[in-house]
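Here are the chains, one letter per residue:
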Protein chains: 2
Amino acid sequence: MEIAPIGRVVSNEGGRAEIEVLPQYQDGLYRIEESDEILVLYLFDRTDEVRMRVHPRGDPRNPEVGVFASRSPMRPNHIAATVVKLVAVNGNVLTVEGMDALDGSPVVDIKPAKRRDEAKLL
Amino acid sequence: MEIAPIGRVVSNEGGRAEIEVLPQYQDGLYRIEESDEILVLYLFDRTDEVRMRVHPRGDPRNPEVGVFASRSPMRPNHIAATVVKLVAVNGNVLTVEGMDALDGSPVVDIKPAKRRDEAKLL
């Protein structure tokens, strides 16, 4: 299946990141501010390498694990998943805390992870 | 980006599901049994519809929310994400609890979500 970006991580510094959603998808953010935490799926677009076993955090001193037991980018489908805190919504721009993505990473999906009323969804 | 299945949900009944990973990716499961919970990314392959606003759980009595504030399948990229409990690993077959996927759903990624030693990874 072909997947395409719905937005992009446009800045990531000081623990805060901004996710800019493409204008044609902005209406899909309606009422997202009711979420305290969101799951962001984005692409590891700096590598196309795939390995079945990896050293966690790329450190050869860490014993090998299978790629599906790791968060390594070197996976068959180069999709990253991270739960972040949603701190602001301004039009098509989300400000989040706890994002580990590199600047410019293509975002492919956003889902609610925890509502502000504390119902945990993920 | 093109994504391809790494396995499939082969049965889902009585609260337990089996995920069969393709043989060429089995080594990627090495040490996955150290995870108590895993994040499974799979495809909503029964729909190609996309909407920006949806009624949660498809029930028109539920007020509309944006698709990114929902878990609806009618999203631009038809990827589902669910955290499930890993109860057994036998070769290339994982037995999990709490999977909401339909039988036959293509699985595109598996990531650790919580280790058995209680360190939360997601």
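Here the structure is shown first, and the text comes after it.
A brief look at the structure comes next. (Residues numbered from 1 in each chain as written. Chains lettered and ligands numbered in written order. Predicted model: local features only at pLDDT ≥ 70, side-chain atom pairs only at ≥ 80, totals over all residues. Heavy atoms only, no water.)

**A closer look at the overall build of chain A**
Part 1: Broken down by element type, chain A carries 0 helices and 8 strands.
Part 2: For chain A, the N- to C-terminal ordering of α and β elements is β-β-β-β-β-β-β-β.
Part 3: Expressed as lengths along the three principal axes of its C-alpha atoms, the size of chain A is roughly 45 × 30 × 30 Å.
Part 4: Evaluated residue by residue, chain A yields a buried proportion of 48% over its 122 residues.
Part 5: Per element, the accessible surface of chain A, about 5,700 Å² overall, is 48% carbon and sulfur. (Helix = DSSP H or I, 4+ residues; strand = E, 2+ residues; numbered from the N terminus. Buried < 20%, exposed > 50% of the residue type's maximum accessible area, 1.4 Å probe, protein only. Areas by Shrake-Rupley, 256 points an atom, 1.4 Å probe, with all protein chains shown as cover.)

**Examining the sheet that holds strand E3 (residues 35–43) of chain B**
All names here are of chain B.
Part 1: Spatially, the 6 strands close up into a barrel ordered E1-E2-E7-E6-E3-E8, and their pairing is antiparallel. Averaged over all pairs of adjacent strands, the angle between strand axes in this sheet comes to 45°, irrespective of strand direction.
Part 2: Pairing geometry for strand E2 (residues 16–21) and strand E7 (residues 93–97), over 5 bridges, is antiparallel. Bridging from a neighbouring strand, Glu20 pairs with Val93 of E7. (Pairing = 2+ DSSP bridges. Axes fitted to C-alpha atoms, helices over the stretch in contact; angles between N-to-C directions.)

**Comments concerning the layout of surface pockets**
Part 1: Here the largest pocket is characterised by a volume of approximately 530 Å³.
Part 2: Partitioning the lining of the largest pocket into residue classes produces 9 nonpolar, 6 polar and 6 charged. (1 Å grid on protein atoms, 1.4 Å probe; cavity = no way out; pocket = protein on both sides within 12 Å on 5 of 7 lines; lining within 4 Å. Points joined across faces, edges and corners; volume = space filled by probe spheres on them. Nonpolar A, V, L, I, M, F, W, Y, C, P; charged D, E, K, R; others polar.)

**Remarks on unusual backbone geometry**
Part 1: Even without being a glycine, Arg31 of chain A presents a positive backbone phi close to 70°.
Part 2: Following the sequence through the fold, Arg31 of chain A ends up in the loop between strand E2 (16–21) and strand E3 (35–43).
Part 3: Judged by relative accessible area, which is 22%, Arg31 of chain A ranks as partly exposed.
Part 4: Positioned with a positive phi, Arg57 of chain B is a non-glycine residue whose angle comes to about 55°.

**Observations concerning the relation of the copies chain A and chain B**
One copy of the chain maps onto the second through a rotation about an axis and a displacement along it.
Part 1: The operation relating chain A to chain B is a screw motion whose rotation component is 180°, with 0.0 Å of axial translation and a residual RMSD of 0.0 Å. Taken together, the turn and the small shift mark the pair as related by a two-fold rotation axis. Minimal C-alpha distance to the rotation axis in chain A is attained by Glu2 of chain A, lying at 2.2 Å.
Part 2: Comparing interface residues between copies, 98% of those in chain A also sit at the interface in chain B, which points to an isologous, same-surface contact. (Least-squares fit on C-alpha atoms with pLDDT ≥ 70 in both. Contact = heavy atoms within 4.5 Å.)

**Comments concerning the sheet that holds strand E1 (residues 7–13) of chain A**
Residues and elements named next belong to chain A.
Part 1: The 6 strands are arranged E1-E2-E7-E6-E3-E8 in a closed barrel whose pairing can be described as antiparallel. For this sheet, the mean angle separating the axes of adjacent strands, direction not counted, is 45°.
Part 2: Here E1 pairs with E2 via 6 bridges, running antiparallel. Each residue of the ladder has a partner; that of Asn12, found in E2, is Ala17.

**Notes on the environment of Leu86 of chain A**
All names here are of chain A.
Part 1: Relative to the assigned elements, Leu86 resides in strand E6 (residues 79–90).
Part 2: Here the alpha-carbon distance between Leu86 and Ile3, two residues 83 residues apart in the chain, equals 24 Å.
Part 3: Those residues within four positions of Leu86 in sequence are excluded, and the remaining contacts are Ile32, Glu33, Ser35, Asp36, Glu37, Ile38, Leu94, Thr95, Val96 and Arg116.

It is worth stressing that arrangement in space is one thing and function is another; only the former is reported here.
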